[in-house]
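Per-entry structural report
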There are 2 protein chains.
Amino acid sequence: MSIRGDRKIICVDMDEVMADALAEHLLRYNQEFNENVTVKDLAGQWIWQYVPEERAAALERYMQSDDFFAVLGVMPDAQRVLERLQSQYDVFIATAAMEVPKSFNAKFEWLKQHFPFIPPSNIVFCGDKGILQGDYLIDDNPRQLRRFQGEGILFTSPANLNVEGFRRVNNWLDVEKMFLD
Amino acid sequence: MSIRGDRKIICVDMDEVMADALAEHLLRYNQEFNENVTVKDLAGQWIWQYVPEERAAALERYMQSDDFFAVLGVMPDAQRVLERLQSQYDVFIATAAMEVPKSFNAKFEWLKQHFPFIPPSNIVFCGDKGILQGDYLIDDNPRQLRRFQGEGILFTSPANLNVEGFRRVNNWLDVEKMFLD
């Protein structure tokens, strides 16, 4: 399956896998509505399912704001493990930026800042990860994993706690164990 | 190979296949340097190979300018034939925007304006088309066609006139004949 030589291809999702978008959502939401929602409250739901319907537009507004993607935190151990993965696999970052077109550049800059060792040629913006050829896709979204042609690996997020049918990793240390140990 | 059902997947490059970037390059170049370079002068060369070395930076500057991608003309028959292709194939637009990150949004808007029937989910920004799974890639760049895992179809541009080893289409009427007749 490798593009060059016999290395396997691992595709990696960005939001909730490399970048902690949910924390930023909660921060802005709690500030605006004077709430104290935590990730525990979201178990089994996406945040836009959890919040009252009349506040869903606020979440959309956060994502469309110019600085949302620039300030996202990096998931623990993601940098170290991804750099190790790169030494044995062809690693591609695959992010579905199409719903927030303004985010293209911010996401690209974020990757350059926090993952400078990933070459731009290995970054893919696509709305439908079924178009990727690869051996593995690590993603928190079961819909994308189902469309992917290789093996989907579910990266735990509050929303997918009850999802079954995929091998699951809870964090980047689990990814390290699965692919490198 | 299809993502849903048994339709084949056709990936289509954007610059020089859907969008006439070369015409805009020549227009700006001829204006700035008071020249009269035509596509015929470029036979067998990319424009950055043709121009004197000290002017290569100008080409780079055109592409980096905010309005370059927004004003590009549409290749003859591209709209009609792509819309027909969509009725029988899964069509994905695959463009290597990574060298000009500022172009993401402009390219996305250009596609929305001129090809509104292509859903955002079927647009892919990627620097390396080897990551795409698909049956065909229509592209003017032999380097991308070689990396692609399906069949590469060479879309004629001045630079690739002497390239061999691929089935070739000279224009969108040829694409229509190859895939729809």
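In the annotation of an unreviewed UniProt entry, chain A is listed under the name 5'-3'-deoxyribonucleotidase and assigned to Granulicella cerasi. Of the comments in the UniProt record for chain A, the one headed Sequence similarities (unreviewed entry) reads "Belongs to the 5'(3')-deoxyribonucleotidase family."

Remarks on helix α1 (residues 21–33) of chain B
All names here are of chain B. Helix length check: α1 (13 residues) gives 18 Å between terminal C-alpha atoms against 18 Å at 1.5 Å per residue, within 8%. Within α1 the residues assigned to the buried category are A21, L22, E24, H25, L26, R28, Y29 and N30. Along its buried surface, α1 packs onto β2 (19–20), α2 (47–50) and α3 (56–64). Looking one or two residues past α1, N34 carries a phi angle of roughly 55 degrees, positive in sign.

Re the environment of D67(A)
One can find D67(A) in the loop between α3 (56–64) and β3 (73–74). Distance in space between the C-alpha atoms of D67(A) and A106(A) is 7.9 Å, their sequence separation being 39 residues.

Quick look at the interface of chain B and chain A
At the junction of the two partners, chain B supplies 26 residues and chain A supplies 26 residues. Both faces considered, chain B and chain A share a buried interface measuring about 2200 Å² in area, 64% of it formed by carbon and sulfur atoms. Where chain B meets chain A, there are zero salt bridges. Between the two partners, chain B and chain A, sit five residue pairs in polar contact (both at pLDDT 80 or more). Broken down by secondary-structure element, the contributors of at least two residues to the side of chain B that touches chain A are β1 (9–12), α5 (103–114) and β5 (123–126) of chain B. A per-element tally of the side of chain B that touches chain A places β5(B) first, with four residues. Class assignment of the residues belonging to the side of chain B that touches chain A gives a composition of 15 nonpolar, seven polar and four charged. Examined bridge by bridge, strand β5 (residues 123–126) of chain A and β5(B) share three bridges and lie antiparallel to one another.

Focus: the sheet that holds strand β8 (residues 167–169) of chain A
The strand order across the open sheet formed by 12 strands is β8(A)-β7(A)-β6(A)-β1(A)-β4(A)-β5(A)-β5(B)-β4(B)-β1(B)-β6(B)-β7(B)-β8(B), and the pairing between neighbours is mixed. Each edge of the open sheet carries a strand with a single partner, namely β8 of chain A together with β8 (167–169) of chain B. Adjacent strand axes in the sheet meet at a mean angle of 25 degrees, parallel and antiparallel pairs treated alike. The sheet strands contacting helix α5 (residues 103–114) of chain A are β4 (90–95) and β5 of chain A together with β5 of chain B, and the helix crosses β5(A) at an angle near 155 degrees. Sheet strands touched by helix α7 (residues 172–180) of chain A: β1 (9–12), β6 (136–139), β7 (151–155) and β8 of chain A. Its angle to β8(A), the strand with the most contacts, is close to 130 degrees.

Quick word on the pairing of β5(A)
Residues and elements named next belong to chain A. Taking every second residue as pointing to the same face, both faces of β5 are buried, with I123 and F125 on one and V124 and C126 on the other. In the sheet, β4 pairs with β5 via three bridges, with the strands oriented parallel. Looking at β5, one finds that T95 is bridged to F125. Read as a crossover between parallel neighbours, the route from β4 over α5 to β5 is right-handed.

A word on helix α7 (residues 172–180) of chain B
Residues and elements named next belong to chain B. Within the span of α7, buried status applies to W172, V175, E176, F179 and L180. The arc that holds every buried residue of α7, seen down its axis, measures 100 degrees, which confines them to one face. Buried residues along α7 sit in contact with β1, α4 (78–86), β6 (136–139), β7 (151–155) and β8. Measuring from the backbone nitrogen of L173 back to the side-chain oxygen at the start of α7 gives 3.0 Å, which picks out N171 as the cap.

Rules of the game
- Residues numbered from 1 in each chain as written.
- Chains lettered and ligands numbered in written order.
- Predicted model: local features only at pLDDT ≥ 70, side-chain atom pairs only at ≥ 80, totals over all residues.
- Heavy atoms only, no water.
- UniProt positions renumbered as here; feature names shortened; annotations may be inferred.
- Helix = DSSP H or I, 4+ residues; strand = E, 2+ residues; numbered from the N terminus.
- Expected span 1.5 Å × (residues − 1).
- Buried < 20%, exposed > 50% of the residue type's maximum accessible area, 1.4 Å probe, protein only.
- Contact = heavy atoms within 4.5 Å.
- Buried area = accessible area lost by both parts, 1.4 Å probe.
- Salt bridge = Lys/Arg side-chain N within 4 Å of Asp/Glu carboxyl O.
- Polar contact = N/O pair within 3.5 Å; in protein donor to acceptor, adjacent residues only side chain to side chain.
- Nonpolar A, V, L, I, M, F, W, Y, C, P; charged D, E, K, R; others polar.
- Pairing = 2+ DSSP bridges.
- Axes fitted to C-alpha atoms, helices over the stretch in contact; angles between N-to-C directions.
- Right-handed = clockwise from strand over helix to strand, strands pointing away.
- Arc of directions from axis to C-beta.

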